[in-house]
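Understanding the architecture of this molecule
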Amino acid sequence: MRYFIEFSYNGKSYHGWQNQPHSVSVQEVMEKCLTTLLRTKIEIVGAGRTDSGVHALQMFAHFDTEKTIDNQLVYKLNSFLPKDIAVHQIHKVRDDAHARFDAIKRTYEYHISTYKDVFRYESSMYINLPLDVQKMQEAANILFKYTDFQSFSKSNTDVRTYNCKIYQALWRQEGGLLIFTISADRFLRNMVRAIVGTLIDVGLNKISIIDFQNIIESKNRSKAGASVPACGLFLKKVEYSEDIFVKND
């Protein structure tokens, strides 16, 4: 039987989601806990991979087991897991459901503190210079005109295509926090952090809106802005078609 596990994590202490040979990952910690509790070796497949230091407000992974799972496992996992990983729910799904390939939409947020906030320095990027947010939004709207985002992709990745369908790209201010929300069917490695870094260049008047458009069309990562720090990035939501979930009788 196949299950989806829904959870969140603070990525500060982890070398990303995916297992690493010499560094602790979120995947490794969760697999060890599931293996201990279910008394059989469990391997999990995530909805995607987040880089070192990136957080997840909602993440999914699938695993297989012959044991019937109930809500008690959620309670037991949260007792075993460290304080920076929390399991919210476990869903029974079709046997062919895949946490990564069946995801139809992913949403990320990037947080920027516009003043020195002692409670947010580990979960946001601090910028003390004035940003032209309206101009940043105008540039972000250009993303909808394109599907090839090679300019914002980490170099030397093993992807077959750089095409992504952008559904949302929105800046909003909440007090001293500036938040960028972006949704797409898929994301390239480092894509969100590179887009935000380039939009910040627009907001600081280092480049124009036309420059931003030209950067996209160049398909050249070296022309885009620097990647912003990982600490401000959150995987906010992963969405699936309802028909992959098995309804309880």
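Thresholds applied
- Residues numbered from 1 in each chain as written.
- Predicted model: local features only at pLDDT ≥ 70, side-chain atom pairs only at ≥ 80, totals over all residues.
- Heavy atoms only, no water.
- UniProt positions renumbered as here; feature names shortened; annotations may be inferred.
- Patch = residues over 30% accessible without salt bridge, like charges linked within 9 Å, V, L, I, M, F, W, Y side chains within 5 Å.
- Areas by Shrake-Rupley, 256 points an atom, 1.4 Å probe, with all protein chains shown as cover.
- Salt bridge = Lys/Arg side-chain N within 4 Å of Asp/Glu carboxyl O.
- Helix = DSSP H or I, 4+ residues; strand = E, 2+ residues; numbered from the N terminus.
- Contact = heavy atoms within 4.5 Å.
- Domains from an automatic or database assignment.
- Buried area = accessible area lost by both parts, 1.4 Å probe.
- Polar contact = N/O pair within 3.5 Å; in protein donor to acceptor, adjacent residues only side chain to side chain.
- Nonpolar A, V, L, I, M, F, W, Y, C, P; charged D, E, K, R; others polar.

Per an unreviewed UniProt entry, the protein chain goes by tRNA pseudouridine synthase A and derives from Capnocytophaga cynodegmi. The UniProt entry for the protein chain carries the following comment under Sequence similarities (unreviewed entry): "Belongs to the tRNA pseudouridine synthase TruA family." Database annotation for the protein chain, UniProt heading Subunit (unreviewed entry): "Homodimer."

Digging into a nonpolar patch on the surface
A cluster of nonpolar side chains, contributed by Val118, Phe119 and Tyr121, occupies part of the molecular surface with about 430 Å² of accessible area. Counting through the fold element by element, tyrosine 121 comes out in the loop between strand E5 (103-113) and strand E6 (125-126).

So, the side chain of serine 153
With respect to the helices and strands, the residue serine 153 is situated in the loop between helix H3 (133-141) and strand E7 (166-174). Those residues within four positions of serine 153 in sequence are excluded, and the remaining contacts are Tyr162, Leu188, Arg189 and Arg221.

Concerning the domain arrangement of the protein chain
Its domain assignment divides the protein chain into domain 1 (2-101) and domain 2 (108-236). Averaged C-alpha coordinates put domain 1 and domain 2 at centres separated by 28 Å. With twelve residues of domain 1 in contact, the opposing surface of domain 2 contributes 13 residues. Carbon and sulfur atoms make up 51% of the area that domain 1 and domain 2 hide from each other, which totals about 1,100 Å². Among the residues of domain 1 in contact with domain 2, Asp51, His55 and Leu57 are the three that bury the most area, contributing 47% of the side total. The interface formed by domain 1 and domain 2 includes three salt bridges. Linking domain 1 with domain 2 are seven residue pairs in polar contact (both at pLDDT 80 or more), by the criterion used here. Grouping the constituent residues of the side of domain 1 that touches domain 2 by class yields four nonpolar, five polar and three charged.

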